[in-house]
Amino acid sequence: MQELEDRVAAQALSDGLWQFEQDTREIDPELADQISTYRQHGDRSIYARIVALTDIGLYQRGLLALCLQSGVDMTIRPEFHYIMRNPALSGNVKARHVILMAMGFQRVLEGTT
């Protein structure tokens, strides 16, 4: 029974990645290519941790895009432990916080703050 559940979960992750890739193709072909490569050859445990963290699709996609484009798995990096291991925060709040931090850092790097 567990094997069937694992296969169903793996298929759901694959389907989610495929849909994200399709939805992204027109607006950001480079990111879509990264998603495609990740979907076909990547360590799905990153996406599995993201999906386990937050049930909001926009947050899931945002975190995965950040991980793929930065090359940093923010769900396990020590720099993010103060967020990810904080029991007072829900998974959705943790995801939103990381995404907003990344957006803020990007603005600083671009000099638009």
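What counts and what doesn't
Residues numbered from 1 in each chain as written. Predicted model: local features only at pLDDT ≥ 70, side-chain atom pairs only at ≥ 80, totals over all residues. Heavy atoms only, no water. Core = buried A, V, L, I, M, F, W, Y, C linked by side-chain atoms within 4.5 Å. Buried < 20%, exposed > 50% of the residue type's maximum accessible area, 1.4 Å probe, protein only. Helix = DSSP H or I, 4+ residues; strand = E, 2+ residues; numbered from the N terminus. pLDDT = per-residue confidence, 0-100. Axes fitted to C-alpha atoms, helices over the stretch in contact; angles between N-to-C directions. Parallel < 35°, antiparallel > 145°, perpendicular 65-115°, else oblique. Left-handed = near helix turned anticlockwise from the far one by under 90°. Contact = heavy atoms within 4.5 Å. Nonpolar A, V, L, I, M, F, W, Y, C, P; charged D, E, K, R; others polar. Expected span 1.5 Å × (residues − 1). Patch = residues over 30% accessible without salt bridge, like charges linked within 9 Å, V, L, I, M, F, W, Y side chains within 5 Å. Areas by Shrake-Rupley, 256 points an atom, 1.4 Å probe, with all protein chains shown as cover. Salt bridge = Lys/Arg side-chain N within 4 Å of Asp/Glu carboxyl O.

Draft legend 1. Here's a closer look at the nonpolar core. Ranked by internal contacts, the top residues of the largest apolar core, which has 24 residues, are Tyr 38, Leu 63, Leu 64, Phe 80 and Val 98. Within the residue set of this core, elements represented by two or more residues are α1 (2-24), α2 (29-41), α3 (45-53), α4 (57-70), α5 (81-84) and α6 (91-110).

Draft legend 2. Highlighting the confidence of the model for the protein chain. Averaged over every residue, the pLDDT of the protein chain is 89; the share at 70 or more is 98%. Predicted confidence in the protein chain is weakest over α6, with a mean pLDDT of 85, and strongest over α2, with 94.

Draft legend 3. Seen up close, the packing of α3 against α4. Where α3 contacts α4, the two axes come as close as 9 Å, and the packing angle between them is 150°. Here α3 lies roughly antiparallel to α4, going by the angle between them. The element α3 and its partner α4 pack so that their crossing is right-handed. Of the residues in α4, those in contact with Ile 46, Tyr 47, Ile 50, Val 51 and Leu 53 of α3 are Gln 60, Leu 63, Leu 64 and Cys 67. Its residues assigned to classes, the contact of α3 with α4 comprises 8 nonpolar, 1 polar and no charged.

Draft legend 4. The arrangement of α2 in detail. Its 13 residues place the ends of α2 18 Å apart at the C-alpha level, agreeing with the 18 Å of an ideal helix rising 1.5 Å per residue. Tucked inside the fold, the buried residues of α2 contact α1, α3 and α4.

Draft legend 5. Structural view of a nonpolar patch on the surface. Taken together, the side chains of Met 1, Leu 4 and Val 8 present a nonpolar region at the surface, about 360 Å² in accessible area. By the element assignment, Val 8 lies in helix α1. Overall, the relative accessible area of 53% leaves Val 8 in the exposed class.

Draft legend 6. Main features of the pattern of salt bridges. By the definition in use, this model includes 7 salt bridges. For Arg 7, the salt bridge goes to Glu 3, with nearest N and O atoms at 3.5 Å. Linking Arg 7 with Glu 3, this pair stays in helix α1, spanning 4 residues, or about one helical turn. The shortest N-O distance in the salt bridge between Arg 77 and Glu 79 comes to 2.9 Å. The class for Glu 79 is partly exposed, based on a relative accessible area of 47%.

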